[in-house]
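Residue-level listing of the chains:
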Amino acid sequence: MMKAMLAAAPGGPDAMVWSDVELGAPGPGEVRIRHRAIGVNFIDVYYRSGLYPWPDKTLIPGAEAAGVITAVGPDVHDVAIGDHVAYVSRLGAYCEERLIDADRCVKIPVNLSDTVVAGSLLKGLTAQYLVTSSYAVQPGDTILVHAAAGGVGLILGQWLKALGAHAIGTAGSPEKIALAEAHGYEHVINYRQDDFVPAVKEITSGRGCAAVYDSVGADTWRGSLQCLKKRGMFVSFGQSSGMIEGFKLSDLAAHGSISANRPVLFDYVEDRAELLSRSADLFSRLVGGEIRITEPDRRPLSEAAEAHALLEGRQTTGSLVLTP
Ligand code: NDP
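Residues numbered from 1 in each chain as written. Predicted model: local features only at pLDDT ≥ 70, side-chain atom pairs only at ≥ 80, totals over all residues. Heavy atoms only, no water.

(A) How the structure looks around the overall build of the protein chain. Counting secondary structure elements, the protein chain contains 10 helices and 15 strands. Its C-alpha atoms give the protein chain a radius of gyration of 20 Å, near enough to 20 Å, the size a compact globule of 324 residues would have. Taken along its principal axes, the extent of the C-alpha atoms in the protein chain is 60 × 40 × 35 Å. Looking at the protein chain as a whole, 55% of its 324 residues qualify as buried. Counted over contacts in the protein chain with a minimum sequence separation of 6, partners at least 24 positions apart contribute 69%. Entry remark: accessible area of the protein chain is about 13,700 Å², with carbon and sulfur atoms responsible for 50%. (Helix = DSSP H or I, 4+ residues; strand = E, 2+ residues; numbered from the N terminus. Rg over C-alpha atoms; globule rule 2.2 N^0.38 Å. Buried < 20%, exposed > 50% of the residue type's maximum accessible area, 1.4 Å probe, protein only. Contact = heavy atoms within 4.5 Å. Areas by Shrake-Rupley, 256 points an atom, 1.4 Å probe, with all protein chains shown as cover.)

(B) Quick look at the domain arrangement of the protein chain. By the assigned domains, the protein chain splits into domain 1 (2-120 + 293-323) and domain 2 (123-265). Computed over C-alpha atoms, the centres of domain 1 and domain 2 are 28 Å apart. Each partner contributes to the roughly 1,300 Å² buried at the junction of domain 1 and domain 2, and carbon and sulfur atoms together form 52% of this total. On the domain 1 side of the interface with domain 2, the three residues burying the most area are Arg314, Thr317 and Gly318, jointly 35% of the side's total. Counting every contact that joins domain 1 to domain 2 gives one salt bridge. With a shortest N-O distance of 3.3 Å, glutamate 64 and lysine 123 are connected by a salt bridge. (Domains from an automatic or database assignment. Buried area = accessible area lost by both parts, 1.4 Å probe. Salt bridge = Lys/Arg side-chain N within 4 Å of Asp/Glu carboxyl O.)

(C) Structural context of the side chain of glutamine 158. Locating glutamine 158 in the fold gives a position in helix H4 (residues 151-162). Non-local contacts of glutamine 158, meaning those with residues more than four positions away in its chain, are made with His183, Gly184, Glu290, Ile291 and Arg292.

(D) Examining the site of the ligand more closely. As a structural note, the neighbourhood of the ligand is formed by 29 residues, with Tyr129, Lys176, Tyr191, Leu265 and Arg314 the closest of them. Here an oxygen atom of the ligand and a backbone polar atom of glycine 172 are 2.9 Å apart. Computed on the free molecule, the ligand has an accessible area of 910 Å², of which 93% lies beneath the protein chains in the complex. Looking at the shell around the ligand, the elements that each hand over two or more residues are helix H1 (42-49), helix H3 (121-134), H4 and helix H10 (304-312). Tallying contributions element by element places H3 first for the shell around the ligand, with three residues. Here the shell around the ligand is built from residues that sort into 14 nonpolar, 11 polar and four charged. Split by domain, the residues of the shell around the ligand number at least three in each of domain 1 (2-120 + 293-323) and domain 2 (123-265). (Near = heavy atom within 4 Å. Polar contact = N/O pair within 3.5 Å; in protein donor to acceptor, adjacent residues only side chain to side chain. Nonpolar A, V, L, I, M, F, W, Y, C, P; charged D, E, K, R; others polar.)

(E) Structural context of the nonpolar core. One finds Leu121, Ile143, Leu156, Leu160 and Tyr213 to be the most contacted residues of the largest nonpolar core, which totals 60 residues. Looking at this core, the element that brings in the most residues is H3, giving seven residues. For this core, the domains that each give at least three residues are domain 1 (2-120 + 293-323) and domain 2 (123-265). Within the second largest apolar cluster, 30 residues are counted, among which are Ile60, Ile69, Leu311 and Leu320. (Core = buried A, V, L, I, M, F, W, Y, C linked by side-chain atoms within 4.5 Å.)

(F) Fine view of the sheet that holds strand S13 (residues 259-261). Within the open sheet, the six strands sit side by side as S10-S9-S8-S11-S12-S13. Their pairing is parallel. Each edge of the sheet is formed by a strand with only one pairing partner; in this case those strands are strand S10 (185-190) and S13. The average angle at which neighbouring strand axes cross in this sheet is 15°, direction not considered. Relative to strand S12 (residues 228-236), strand S11 (residues 209-214) runs parallel, the two being bridged by five bridges. (Pairing = 2+ DSSP bridges. Axes fitted to C-alpha atoms, helices over the stretch in contact; angles between N-to-C directions.)

(G) Spotlight on the packing of aromatic side chains. Going through the model one piece at a time under the given rule, you end up with five aromatic pairs. Plain terms: the ring middles of tyrosine 47 and tyrosine 52 are 5.4 Å apart, the flat faces sit at 85° to each other, and that makes the pair edge-to-face. Of the two residues, tyrosine 47 and tyrosine 52, neither departs from the other in class, the shared state being buried. Centre to centre, the rings of tryptophan 221 and phenylalanine 247 are 5.8 Å apart; their planes meet at 65°, and the pair counts as edge-to-face. Taken as a pair, tryptophan 221 in helix H7 (residues 221-226) and phenylalanine 247 in the loop between S12 and helix H8 (250-254) lie far apart in primary sequence, 26 residues in all. Note on tryptophan 221: relative accessible area 3%, which makes it buried. For phenylalanine 247, a relative accessible area of 33% gives the class partly exposed. Put simply, the rings of Phe42, Tyr46, Tyr47 and Tyr52 touch in pairs and so form one group of aromatic residues. (Phe/Tyr/Trp six-rings, centres within 6.5 Å; stacked < 30°, edge-to-face > 60°.)

(H) Broad picture of the packing of H3 against helix H9 (residues 272-288). The N-to-C vectors of H3 and H9 enclose an angle of 100°; their axes lie 9 Å apart at closest approach. Taken as axis vectors, H3 and H9 run roughly perpendicular relative to one another. Residues Leu121, Gly124, Leu125, Gln128, Tyr129, Thr132 and Ser133 of H3 touch H9, and the partners they reach there are Leu275, Arg278, Ser279, Asp281, Leu282 and Phe283. Here the contact of H3 with H9 is composed, by residue class, of six nonpolar, five polar and two charged. (Parallel < 35°, antiparallel > 145°, perpendicular 65-115°, else oblique.)

(I) Up close: unusual backbone geometry. Positive phi, close to 60°, is recorded for aspartate 75, a residue that is not glycine. Among the structural elements, aspartate 75 can be located in the loop between strand S4 (64-72) and strand S5 (84-88). Phi at arginine 314 is positive, roughly 60°, even though this residue is not glycine. Locating arginine 314 in the fold gives a position in the loop between H10 and strand S15 (320-323).

Right, dumping it as structure tokens:
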């Protein structure tokens, strides 16, 4: 038996209940991990609320965690009992212990803490594929990022700066603006107060941005299209304000032959070799100090509902982790 935050039906944060769950022995290719820190991500909210469909009748949210391997099944070669590992996986991390395919695990470098990795693996891998694969950022590019003071946003700003791009961010309060400015953004616009479209036009002297990374969705996507230069790239990778509705293919022509994509991290790390190479890129930047992660705020796993309420209420900056 182990404890987990389990939901029996979609709903608000209180849908998750501290519950006993059976845990078997690892099967072929599987390991058992005792979690030490579990990252909180907006995708957990999408699943808990029912915005994303549930694969089973009940749901344990949680898409990333770090911990120690306590048992290995047959045919496991890359990792061993006692290894500190982390993983990303759509669901199932809000628990004390779990079984998972060994192929999903990456070893944590000795000089990074489990907490920092639990607070940055999913968000950092997201930033990694966004700047390399969704739109390959070039030195000198001007890029717009919404929710710049969020978990993904703070990593993305530093990554863009490291690539020699000019990052413009949006954020919802003066405190968030100051934080984003300290994490690579050259300009940060308070989009709750000001229309970000004319502000971006002014900053770019009317030229527009090479790409917009938009995770806010409903409230921002129309403006995002207007912030692109001709043949720019609209990357819609989330919808913290609600789903995009009304988007038409002809919008791409109307905004200057722009392109759009709607990527999902898990499609960029499904292959183990790709997971390892993207993780290695992230870890080397974390270890080298090019990307700094401030020690994430921690809460007990049993208080995951409070963590969700803060995230949905726009009360958080950077990462939040749960500790079993
Ligand atoms: P954040 O820490 O960025 O939290 C979300 C932020 O969105 C809030 O802090 C808030 O910042 C902003 N926001 C704007 N409007 C709203 C609203 N109506 N309700 C709530 N928040 C709002 O979360 P994460 O770093 O975990 O994730 C960022 C985004 O990236 C999410 O949309 C997530 O789904 C997406 N994502 C997508 C992935 C993919 O592969 N497609 C992978 C990982 C994350 P402010 O107050 O500054 O407006």
